[in-house]
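Residues per chain, in single letters:
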Amino acid sequence: MNLQPANTEKLTTWKRVILPDVPNLYKIDFYLANDGYKALKKALDMKPDEVIDEVKKSNLRGRGGACFPTGLKWSFMPKNSDKPKYLCVNGDESEPGTFKDRQIFEFNPHLLIEGTLIACYAMGMTAAYIYIRGEYGKWIKILQKAIDDAYANGLIGEKILRTNFSTNITIHRGAGAYICGEESALMNSIEGERGYPRVRPPFPAQFGLWGCPTTINNVETISNIPIIINNGWKWYSQIGSVKHPGPLLVGVSGHVNNPGIFEMPTGEPLLEIIHRWAGGVPGNKGIKAVIPGGSSTMILRGDQLEGIRMDVDSLKAAGSSVGTAGIIVMDSDTDLIKVIRRITEFYYRESCGQCTPCREGTGWMFKILKRFESYQAKMEDIDLLMDVANNIEGNTICALGDAAAWPVQSMIRRFRDEFEKRAQVSHFQTMVV
Amino acid sequence: MLSESNLNKVEELRKRYPTTQALLLPVLWMIQEQEGCISEESMKYTGALLNIPYGHILGVVTFYSMLQKKAVGKHHIEVCTNVSCMLRGSGKILEHIEKRLGIKIGEISQDQKWTLSETECLGSCGTAPMLVIGDEYYENLTLEKVDKLIDSLQ
Ligand SMILES: Cc1cc2nc3c(=O)[nH]c(=O)nc-3n(C[C@H](O)[C@H](O)[C@H](O)COP(=O)(O)O)c2cc1C
Ligand code: SF4
Ligand code: FES
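Residues numbered from 1 in each chain as written. Chains lettered and ligands numbered in written order. Predicted model: local features only at pLDDT ≥ 70, side-chain atom pairs only at ≥ 80, totals over all residues. Heavy atoms only, no water.

**What about the site of ligand 2?**
If you check the shell around ligand 2, you find 13 residues, and the closest are Cys 352, Cys 355, Cys 358, Thr 396 and Cys 398 of chain A. Within the shell around ligand 2, the residues separate by chemical class into eight nonpolar, five polar and no charged. (Near = heavy atom within 4 Å. Nonpolar A, V, L, I, M, F, W, Y, C, P; charged D, E, K, R; others polar.)

And the structure:
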């Protein structure tokens, strides 16, 4: 995977910390030699509440898609519980356009392990499960080796670093289901059930894995924890955007010369990321559209990108969201109807089928979009499509329904002309036949 | 039916989970890795091993797309056709493979050697287009690379 920007000199002087430029860091000796597990030692000298406080003050927000404040989430966990508590680390990474957590498994697995241990200590957990999508067999092996080495070094297991803190870390391998990245489906999947999302409330902090208090965090989120503990919340909270600080793994794919995963402070200008980091569009073509944060986020017009930055507030103001920071770039020749048909097909296939609006609605949207793609749609189909999307949004058990509706809604709102062109052509075609 | 070493692994895993049902996915993975697919017989065996009703196991096996109910061709080629790969030419790659192997998406070749499917995003969008065979990722594909790959597996 490409981690190097196309145009090094002109970019920020950010020195990578999540995916540092250190060879062989995935090996425990190299990790230890580079101050590895120092943050764990530091955290174990603090009180658990002090660790949570540090994370709260750092303003770290979840990197799994919803940008939820991590410290706040951690503080929802009951302090005194007669039940065991659990941590689930979400490495399901199946959102189209997203390929960042895989780089952490490959290049810096011990950072993830160290963060997992600190999180367990802070919230009083005796077991953590790292759920990884089944297709990542190769990366599961890398992480498993790192976990085994950490056990052998007394860093995981009983009486970690000779303190009274003990915890286990177990990898749980998924088996091909996008929905298992949704936190409640993930817990069901670990329990040996079908990966069906659960109705909330109750929320995981009260009733999670096996009915016990549980926190679910993304792989990249957890990997930020040792960085915060090592450098302090003050340092961390000053990186990038104030309300959404820290280093961010930004993925750029689609029509760019230098696709890859680039670590940068939050708040970098979107156009700068596309042109400088990702080397611009092949053939110097214009940008027709950009999906800024994985396929669930609202699509942006190429002519509205000026001034947009990669952070919560800026993308929200622009009518989209950061999501998983997986930017997909589409050049001026892209057939956007084909793009939205393919995205909708994905949600249709991956819907677990529990809720009628999602199960039926994604199928209807897919059918209508196939009509547009094959020039068989009528003008009224545009409003019909919007209507179906509106009826899914907000009416389902989990956010997959919304994730399916948003791309369609935003595509119609921002590229209505594309739909009209297809519908006109099809109208004309039926007339001549 | 699980090998000795896998049975040992199961015993180790029992210590990691408060219920035996949680061992279901790990055990199904072991079976699939050993036998290539998960037969009815294996599901019954798993039920006995973990004390889970057969119906529950069937429900789980049919839910997850990577769990194979029947044997697939020797080389199962799965081409990602999701957005980022599509934008970078997965359609041409797929077409080329279909021509070379003489099979379409979802088919097994007559000599049982090849199975071809399309797949959803596999977390390689930055190295698109891509395909997987088993656990192995083949990224930044070109038609020449695909030809070489197929030749090497012939
Ligand atoms: C359909 C669906 C799929 C999801 N897939 C993932 C995923 O693959 N990885 C992930 O970390 N979060 C995923 N999420 C978000 C999780 O539910 C959860 O919010 C997240 O793991 C919390 O971690 P964070 O607070 O650290 O961001 C998904 C959500 C939905 C609705
Ligand atoms: S919204 Fe869709 S994926 Fe989520 S629970 Fe309902 S049917 Fe399943
Ligand atoms: S779209 Fe093909 S790997 Fe992500």
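Now, onward.
**Examining the pattern of salt bridges**
All told, the structure shown has 38 salt bridges over all chains when counted by the stated rule. Its salt-bridge partner being Glu 182 of chain A, residue Arg 200 of chain A comes within 2.8 Å of it at the nearest N-O pair. Residue Arg 200 of chain A is found in the loop between helix H8 (183-190) and strand S4 (214-218), and its partner Glu 182 of chain A is found in the loop between strand S3 (168-173) and H8; the two are separated by 18 residues along the sequence. Arg 200 of chain A gets classed as partly exposed once you look at its relative accessible area, which sits at 23%. Ionic pairing is found between Glu 360 of chain A and Arg 359 of chain A, a salt bridge with its closest N-O pair at 3.0 Å. With a relative accessible area of 30%, Glu 360 of chain A lands in the partly exposed category. Each of Arg 341, Arg 342, Glu 345, Arg 349 and Glu 373 of chain A together with Glu 118 and Glu 120 of chain B takes part in a single network of salt bridges with overlapping partners. (Salt bridge = Lys/Arg side-chain N within 4 Å of Asp/Glu carboxyl O. Helix = DSSP H or I, 4+ residues; strand = E, 2+ residues; numbered from the N terminus. Buried < 20%, exposed > 50% of the residue type's maximum accessible area, 1.4 Å probe, protein only.)

**Description of the interface of chain B and chain A**
Counting from both sides, the interface comprises 41 residues of chain B and, opposite them, 58 residues of chain A. Summing the contributions of chain B and of chain A, the shared interface buries around 3,900 Å²; its carbon and sulfur component is 54%. Counting the surface chain B buries against chain A, the share from its top three residues, Arg 16, Phe 63 and Leu 87 of chain B, is 17%. Along the contact surface separating chain B from chain A lie six salt bridges. Here Arg 342 of chain A and Glu 120 of chain B are joined by a salt bridge, their closest N and O atoms 2.9 Å apart. For the pair chain B and chain A, the interface holds 33 residue pairs in polar contact (both at pLDDT 80 or more). Looking at the side of chain B that touches chain A, the elements that each hand over two or more residues are helix H2 (24-35), helix H4 (54-63), helix H5 (83-87) and strand S2 (114-119) of chain B. Tallied by class, residues from the side of chain B that touches chain A come to 20 nonpolar, 14 polar and seven charged. (Contact = heavy atoms within 4.5 Å. Buried area = accessible area lost by both parts, 1.4 Å probe. Polar contact = N/O pair within 3.5 Å; in protein donor to acceptor, adjacent residues only side chain to side chain.)

**Quick word on the site of ligand 1**
All names here are of chain A. Taken together, 18 residues form the shell around ligand 1, and within it Gly 64, Lys 73, Asn 90, Asn 218 and Thr 221 come nearest. Gly 64 is positioned with one of its backbone polar atoms (N or O) 2.8 Å from an oxygen atom of ligand 1. One nitrogen or oxygen atom from the side chain of Thr 221 is found 2.7 Å from an oxygen atom belonging to ligand 1. Burial of ligand 1 by the protein chains amounts to 88% of its free accessible area of 620 Å². Take the shell around ligand 1: its biggest share by element is three residues, from S4. (Areas by Shrake-Rupley, 256 points an atom, 1.4 Å probe, with all protein chains shown as cover.)

**Observations regarding the packing of aromatic side chains**
According to the stated counting rule, one finds 19 aromatic pairs over all chains in the structure shown. An angle of 50° between the planes, with centres 6.1 Å apart, marks the rings of Tyr 86 of chain A and Tyr 129 of chain A as tilted. Of this pair, Tyr 86 of chain A sits in strand S1 (residues 86-91) while Tyr 129 of chain A sits in strand S2 (residues 127-132), and the two are 43 residues apart along the sequence. Each member of the pair, Tyr 86 of chain A as well as Tyr 129 of chain A, is classed as buried. Within the aromatic cluster, the residues linked to one another by ring pairs are Tyr 86, Tyr 129 and Trp 210 of chain A together with Tyr 17 of chain B. When the ring centre of Trp 29 of chain B is taken as reference, the NZ or CZ atom of Arg 173 of chain A above it lies at 3.7 Å. (Phe/Tyr/Trp six-rings, centres within 6.5 Å; stacked < 30°, edge-to-face > 60°. Lys NZ or Arg CZ within 6 Å of the ring centre and 35° of its normal.)

**Quick word on the packing of helix H12 (residues 336-350) of chain A against helix H13 (residues 356-373) of chain A**
All names here are of chain A. It is the contact of H12 with H13, at a shortest axis distance of 9 Å, that shows an interaxial angle of 155°. On the basis of their axis angle, the class for H12 and H13 is roughly antiparallel. Seen along the crossing, H12 lies across H13 with a hand that is left-handed. Facing H12, whose interface residues are Ile 337, Lys 338, Ile 340, Arg 341, Thr 344, Glu 345, Tyr 347 and Tyr 348, H13 presents Thr 362, Gly 363, Met 365, Phe 366, Leu 369, Lys 370, Phe 372 and Glu 373. Of the residues assigned to the contact of H12 with H13, the class counts are eight nonpolar, three polar and five charged. (Axes fitted to C-alpha atoms, helices over the stretch in contact; angles between N-to-C directions. Parallel < 35°, antiparallel > 145°, perpendicular 65-115°, else oblique. Left-handed = near helix turned anticlockwise from the far one by under 90°.)

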